[in-house]
There are 2 protein chains.
Amino acid sequence: MTDDPAGAAGDDERVADWPVALSGVTESVVTTLGPNGRWNAAALGLFAGDPVTARTWGNTRTKRNFHRRGEGYVQFVDDPVVFTDAALSRYEVDEPILGEANAWARVTAESIETGTDDGTEWEQWTLEPVDSTVVRTEVPTIDRGFAAVVEATVAASRLGVDGYDESTLRDRLAHYASVVDRAGGPREREALERVREHSNW
Amino acid sequence: MTDDPAGAAGDDERVADWPVALSGVTESVVTTLGPNGRWNAAALGLFAGDPVTARTWGNTRTKRNFHRRGEGYVQFVDDPVVFTDAALSRYEVDEPILGEANAWARVTAESIETGTDDGTEWEQWTLEPVDSTVVRTEVPTIDRGFAAVVEATVAASRLGVDGYDESTLRDRLAHYASVVDRAGGPREREALERVREHSNW
């Protein structure tokens, strides 16, 4: 998708397309190059639109690396352990594209707005794909256990954060654990253990 | 996948394969032929294993049609409105395979156990594919809004059912609605409206 030299494309002409159809918010894993020369993998929610936007919350490595390098690799994964590690832990790799990526887009990231919500600073970014690849496709399936892991990463990341009620978050986490117990497979169980390891749950 | 005549297959030889990899519980939509000559679409959770099993809860059309016909069409959809209609409403179609099915398996259904949980009778079935097709594949994406719709159908279906706390269910529904509001696309919003229409929420 990079056959057109960038210089030949007009301002409103896209160099590459997103490798998936985006609607609402789609959770991804983004890798950004850190000052230590390694790629930092973190969860990033993509807001559909033209352009696609994303928010970083707090002074994260993704935010700092976006500022330093102005780019990253947005990846679509369906492994709950990889997603959990990216969402909740310091997760660094030597190469920008994870082996678990079913598709990826190299994007330029440009800061367009900053703000503060409940004491947490956020920064909003536009993401423009400059290269993208679909690695593999599957029949999408509805997996409540997988979804419960994703929700557990969200709830766990809010524990101890101003503006969130601790007991509500813990009730939700208990519910997500019961869903994983009933509907999850081995990777979801492993992922839920990682949520516990990486958080104050 | 039906090149082998059924008569040539041994007891432990499968006539057809599941069109997706199953792990834990995977939510599907099953169509079963009713006494009115129409196909009834309903949500059905598939428990991975050999054989794959599923449970019907209460005296549903799926249960009655499985008893009458001994078979159905298990389908994998990723449209939240279709899933919601199947999960919560009487949803009948003229043909067994939905246009929204990304993959399907025609299965034989055999009752293996019955029981009662909190006053609700259940029946457990083994499902053996006899024919299956992958219609289309995609890059799977993580959509919290879609997952929230699925969870809302589960919670809504339990409103007024013995053994479930009404206020806990309503708290969860409010949370799922907030996730759809924040992360859902147009189809998730429409599906959430259907959840309200089809239930006492």
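Anything mentioned here points back to the structure above.
What counts, and at which threshold
- Note that residues are indexed from 1 along each chain, following the sequence as it is written.
- Each chain takes a letter, starting from A, and each ligand takes a number, starting from 1, following the order in which they are written.
- Residues qualify for local features only when their pLDDT is at least 70, as the model is predicted, and side-chain atom pairs are given and counted only at 80 or more; totals for whole chains, interfaces and linings, by contrast, use all residues.
- Side-chain metrics rest on all non-hydrogen atoms present in the structure, leaving aside hydrogens and water.
- Strands here mean DSSP runs of E at least two residues long; helices mean DSSP runs of H or I at least four residues long; both are numbered from the N terminus.
- Classification of residues uses two cut-offs on accessible area relative to the type maximum, computed with a 1.4 Å probe and protein chains only: under 20% is buried, over 50% is exposed, and between them is partly exposed.
- Only heavy atoms matter for contacts: two residues are in contact if any of them lie within 4.5 Å across the pair.
- The accessible surface values rely on the Shrake-Rupley method and a 1.4 Å probe; as for residues, cover is taken only from the protein chains in view.
- Each Phe, Tyr or Trp ring (for Trp, its six-membered ring) is paired with any other whose centre lies within 6.5 Å, and the angle between the two planes then decides the class: stacked below 30 degrees, edge-to-face above 60, tilted in between.
- Only when the NZ atom of a Lys or the CZ atom of an Arg is both within 6 Å of the ring centre and within 35 degrees of the ring normal do we say a charge sits over the ring.
- By definition, the buried area sums, over both parts, the 1.4 Å-probe accessible area that each loses when the two are put together.
- Whenever a carboxyl oxygen of Asp or Glu lies within 4 Å of a side-chain nitrogen of Lys or Arg, that contact is scored as a salt bridge.
- Definition of a polar contact: a pair of N or O atoms within 3.5 Å, with one able to donate and the other able to accept a hydrogen when the atoms are protein atoms, and with sequence-neighbouring residues admitted only if both atoms are side-chain atoms.
- Residues are grouped as follows: Ala, Val, Leu, Ile, Met, Phe, Trp, Tyr, Cys and Pro are nonpolar; Asp, Glu, Lys and Arg are charged; every other residue, Gly included, is polar.
- The least-squares superposition of copies is restricted to C-alpha atoms, and to residues with a pLDDT of at least 70 in both copies.
- The span one expects for a helix is its residue count, reduced by one, times 1.5 Å.
- Each C-beta atom gives one direction from the helix axis, and the arc is the one those directions make.
- Here an axis means a line fitted to C-alpha atoms, over the contact stretch when the element is a helix, while the angle between two N-to-C directions is reported on a 0 to 180 degree scale.
- Between 65 and 115 degrees an angle is taken as roughly perpendicular, under 35 as roughly parallel, over 145 as roughly antiparallel, and anywhere else as oblique.
- Note on convention: near helix rotated counterclockwise from far helix by under a right angle means a left-handed crossing. Clockwise means right-handed.
- For two strands to be treated as a pair, DSSP must find no fewer than two bridges joining them.

Let us now look at the overall build of chain A. Broken down by element type, chain A carries 5 helices and 7 strands. Scanning chain A from its N terminus toward the C terminus, one meets helices and strands in the order β-β-β-α-β-α-β-β-β-α-α-α. Along the longest, intermediate and shortest principal axes, the C-alpha atoms of chain A span 55 × 40 × 35 Å. For chain A, with 201 residues in total, the buried portion stands at 50%. Sequence separation of at least 24 residues holds for 69% of the intrachain contacts in chain A that already meet a minimum separation of 6. Accessible area for chain A stands at about 9,300 Å²; split by element, carbon and sulfur atoms hold 43% of it.

Let us now look at the packing of aromatic side chains. Two measures describe an aromatic ring pair: the distance that separates the ring centres and the angle between the ring planes. Scanning the model with the defined rule gives 6 aromatic pairs over all chains in all. With a centroid separation of 5.8 Å and 55° between ring planes, the pair formed by tyrosine 73 of chain A and tryptophan 104 of chain A is classed as tilted. In this pair, tyrosine 73 of chain A is assigned in strand β4 (residues 71–76) and tryptophan 104 of chain A in strand β6 (residues 103–117), connecting sequence segments 31 residues apart. Each member of the pair, tyrosine 73 of chain A as well as tryptophan 104 of chain A, carries the same accessibility label: buried. Looking at arginine 55 of chain B, its charged tip hangs above the ring of tryptophan 122 of chain B, at a distance of 3.6 Å from the centre. Note that arginine 196 of chain B overlies the ring of tryptophan 201 of chain B, its terminal NZ or CZ placed 3.9 Å from the centroid.

Interface extent is often summarised as the accessible area lost during association of the parts. Counting residues at the interface gives 38 residues for chain B, matched by 38 residues for chain A. Here chain B meets chain A over a buried area of about 3,000 Å², counting both sides, of which 59% is carbon and sulfur. Between chain B and chain A we count 2 salt bridges in total. Arginine 144 of chain A is the salt-bridge partner of glutamate 151 of chain B, the closest N and O atoms lying 2.7 Å from each other. For the pair chain B and chain A, the interface holds 14 residue pairs in polar contact (both at pLDDT 80 or more). Residue assignment for the side of chain B that touches chain A shows that the elements contributing at least two residues are β1 (25–33), α3 (144–158), α4 (166–183) and α5 (186–198) of chain B. Of all the elements, α3 of chain B adds the most residues to the side of chain B that touches chain A, at 7 residues. For the side of chain B that touches chain A, a count of residues per class yields 18 nonpolar, 9 polar and 11 charged.

Okay, the relation of the copies chain B and chain A next. Taken as rigid bodies, chain B and chain A are interconverted by a rotation of 180° and an axial shift of 0.0 Å, the fit giving an RMSD of 0.0 Å. A rotation of that kind, with that shift, is consistent with a two-fold axis. In this assembly the copies share their binding face: 100% of the residues contributing to the interface of chain B also contribute to that of chain A.

This next bit is on α5 of chain B. Residues and elements named next belong to chain B. With 13 residues, α5 should cover 18 Å at 1.5 Å per step; its first-to-last C-alpha distance of 19 Å lies within 8% of that length. Residues Glu188, Ala191, Leu192 and Val195 constitute the buried set of α5. Buried residues of α5, seen end-on, are gathered within an arc of 100° and therefore sit on one face of the element. When the buried face of α5 is taken as reference, the exposed residues oriented beyond 90 degrees from it are Pro186 and Glu197.

All right, on to the packing of α3 of chain B against α4 of chain B then. Residue and element names in this part refer to chain B. With their axes 9 Å apart at the nearest point, α3 and α4 run at an angle of 155° to one another. Between α3 and α4, the angle falls in the class roughly antiparallel. Viewed along their axes, α3 and α4 form a crossing whose handedness is left-handed. Together, Arg144, Gly145, Ala148, Val149, Glu151, Ala152, Ala155, Ala156 and Arg158 of α3 and Leu169, Leu173, Tyr176, Val179, Val180, Arg182 and Ala183 of α4 make up the contact between the two elements. Here the residues of the contact of α3 with α4 are counted per class, giving 11 nonpolar, 1 polar and 4 charged.

Quick look at the side chain of threonine 56 of chain A now. All names here are of chain A. Residue placement: threonine 56 occurs in strand β3 (residues 52–57). Judged by relative accessible area, which is 4%, threonine 56 ranks as buried. Polar contacts involving the side chain of threonine 56 include one to the side chain of tryptophan 125, which spans 2.9 Å. When sequence neighbours within four positions are dropped, the list of residues in contact with threonine 56 reads Leu44, Thr62, Lys63, Glu121, Trp122, Glu123 and Trp125.

Looking along a regular strand, one sees the side chains alternate between the two faces of the sheet. All names here are of chain A. Across 6 bridges, the pairing between β4 and β6 is antiparallel. Note that in β6 the partner of glutamate 71 across the bridge is threonine 108. In this structure, the hairpin formed by β6 and strand β7 (residues 120–134) is closed by a connection of 2 residues, where aspartate 118 is found at a positive phi of approximately 50°.

What follows is about the packing of helix α2 (residues 80–88) of chain A against helix α3 (residues 144–158) of chain A. Residues and elements named next belong to chain A. Closest axis-to-axis distance for the α2/α3 pair is 10 Å, and the angle between their directions is 10°. Between α2 and α3, the interaxial angle falls into the category roughly parallel. Of α3, the residues touching α2 (which contributes Pro80, Phe83, Thr84, Ala87 and Leu88) are Phe146, Val149, Val150, Thr153, Ala156 and Ser157.

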